[in-house]
Amino acid sequence: MVMVACFFAAISGSGPATVAAIGPILIPAMSEVGYGKAMPSALVSAAGAIGIIIPPSIAFVVYASITDVSVGKLFSAGIIPGILVGMAYYYGAIWDTRHDTIALRPKMNIQQRMAAFKDAVWGLLTPVIILGGIYAGIFIPTEAAGVAVVYGLFVGMFIYKEIKIKDLKDIFIELPYLLPQLC
């Protein structure tokens, strides 16, 4: 769960968005296998804090714009602390649940793992595009957000085929209402 929070934080840059995105999915799944309700809820809430440490952090962009500091340098400075905080949460969760009886899911074989990776690779490329573009100097963080939106729309419409042209109107209408919740 902590690794999922780290990956999502690398996409969103926001703690509340990380919690809102992974909480409704992971809390019931973790409760189902024996974690109870308190531990997954606390872990998701705490792991949301990783969202402002791991680049592209919204807090880093705001701080950089106020203090006239390089966003790229702040992003570079957030990588190691973000990984360390993620590792601390990961090992803390393992330590906390060491005596719990948790139903393990059956292991996937190599073919199932490769199929899952092949299906997820398009989504996993998003942080690579965002951070790679910023670090390479191809675009600034604001432009990276726009590129990520266009990339996500392309992947959703043409790769996964889950977004249809008729869905775009509803997406654009709901967007202004969703933004305050995600930030």
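In what follows, the structure referred to is the one given above.
Read on for a plain summary of the structure. (Residues numbered from 1 in each chain as written. Predicted model: local features only at pLDDT ≥ 70, side-chain atom pairs only at ≥ 80, totals over all residues. Heavy atoms only, no water.)

### Points about the overall build of the protein chain
So the rule is basically this: Only DSSP runs of H or I with at least four residues qualify as helices, and only runs of E with at least two residues qualify as strands; both kinds are numbered from the N terminus onward. Burial status follows relative accessibility: with a 1.4 Å probe on protein chains alone, a residue under 20% of its type maximum counts as buried, one over 50% as exposed, and anything between as partly exposed. Note on definitions: a residue-residue contact is assigned when non-hydrogen atoms from the two residues lie within 4.5 Å. In these tables, accessible area is a Shrake-Rupley quantity obtained with a 1.4 Å probe, and a residue counts as shielded only by the protein chains included in the view. The convention is simple: Lys and Arg are positive, Asp and Glu are negative, and His and the chain ends are not counted. Taken as the charge location is NZ of Lys, CZ of Arg, CG of Asp or CD of Glu.
When its secondary structure is counted, the protein chain shows eight helices and zero strands. Seen through its C-alpha atoms, the protein chain measures out along the principal axes to roughly 50 × 40 × 35 Å. With 183 residues in all, the protein chain has 28% of them scored as buried. Within the protein chain, contacts between residues separated by at least 24 positions form 62% of all contacts whose residues are at least 6 apart in sequence. Of the roughly 11,800 Å² of accessible surface on the protein chain, 72% is carried by carbon and sulfur atoms. When the 11 basic and 10 acidic side-chain charges of the protein chain are each reduced to a single mean position, those positions are 8 Å apart.

### Concerning the environment of G92
Its location among the elements puts G92 in helix 5 (residues 71-96). When the C-alpha atoms of G92 and I22 are compared, they prove to be 19 Å apart, with 70 residues separating the residues in sequence.

### Topic: the layout of surface pockets
Which entries qualify depends on this criterion: For each structure, a 1 Å grid was placed over the protein atoms alone; sets of points admitting a 1.4 Å probe that cannot get out are labelled cavities, open sets with protein on both sides within 12 Å along at least five of seven lines are labelled pockets, and lining residues have an atom within 4 Å of a point. Grid points are joined across faces, edges and corners, and a volume is the space filled by probe spheres set on the points. By the convention adopted, Pro, Cys, Tyr, Trp, Phe, Met, Ile, Leu, Val and Ala count as nonpolar, Lys, Arg, Asp and Glu as charged, and the other residues, Gly among them, as polar.
Each pocket or cavity is described by its volume, and for the second largest pocket that value is around 310 Å³. Classifying every residue of the lining of the second largest pocket gives 13 nonpolar, one polar and no charged.

### A look at the environment of G123
For G123, the position within the fold is in helix 6 (residues 110-135). When sequence neighbours within four positions are dropped, the list of residues in contact with G123 reads I11 and Y160.

### Quick word on helix 7 (residues 141-159)
The line we're drawing: Take the number of residues in a helix, subtract one, and multiply by 1.5 Å to get its expected span.
Compared with an ideal rise of 1.5 Å per residue, which puts 19 residues at 27 Å, helix 7 spans 25 Å between its outermost C-alpha atoms and is within 8% of the ideal. Of all the positions in helix 7, only A144, A148, Y151, V155, G156 and M157 are classed as buried. One or two steps after helix 7, the chain reaches K161, where phi turns positive at roughly 55°.

### Describing the side chain of S57
How we decide: In the analysis that follows, any N or O atom pair within 3.5 Å is treated as a polar contact, provided that within protein one partner can donate a hydrogen and the other can accept it, and provided that, for residues neighboring in sequence, both atoms belong to side chains.
With respect to the helices, strands and loops of the structure, S57 is situated in the loop between helix 3 (38-47) and helix 4 (58-67). From its side chain, S57 meets the backbone nitrogen of A59 in a polar contact 3.2 Å long. Once residues lying within four places of it in the same chain are set aside, the contact partners of S57 are G13, G51, I52 and F75.

### Some remarks on the nonpolar core
Convention followed: Think of a nonpolar core as a cluster: buried Ala, Val, Leu, Ile, Met, Phe, Trp, Tyr and Cys residues, connected wherever their side-chain atoms sit within 4.5 Å.
Ranked by size, the top nonpolar core spans 16 residues in total, and within it V2, C6, I22, M39, L43, I50 and I54 carry the most contacts. Secondary-structure elements contributing two or more residues to this core are helix 1 (2-12), helix 2 (15-35) and helix 3. Setting aside residues no more than four positions away along its own chain, I54 makes contact with C6, A9, A10, G78 and G82.

Fair warning: the whole summary comes from geometry, so function is off the table for now.
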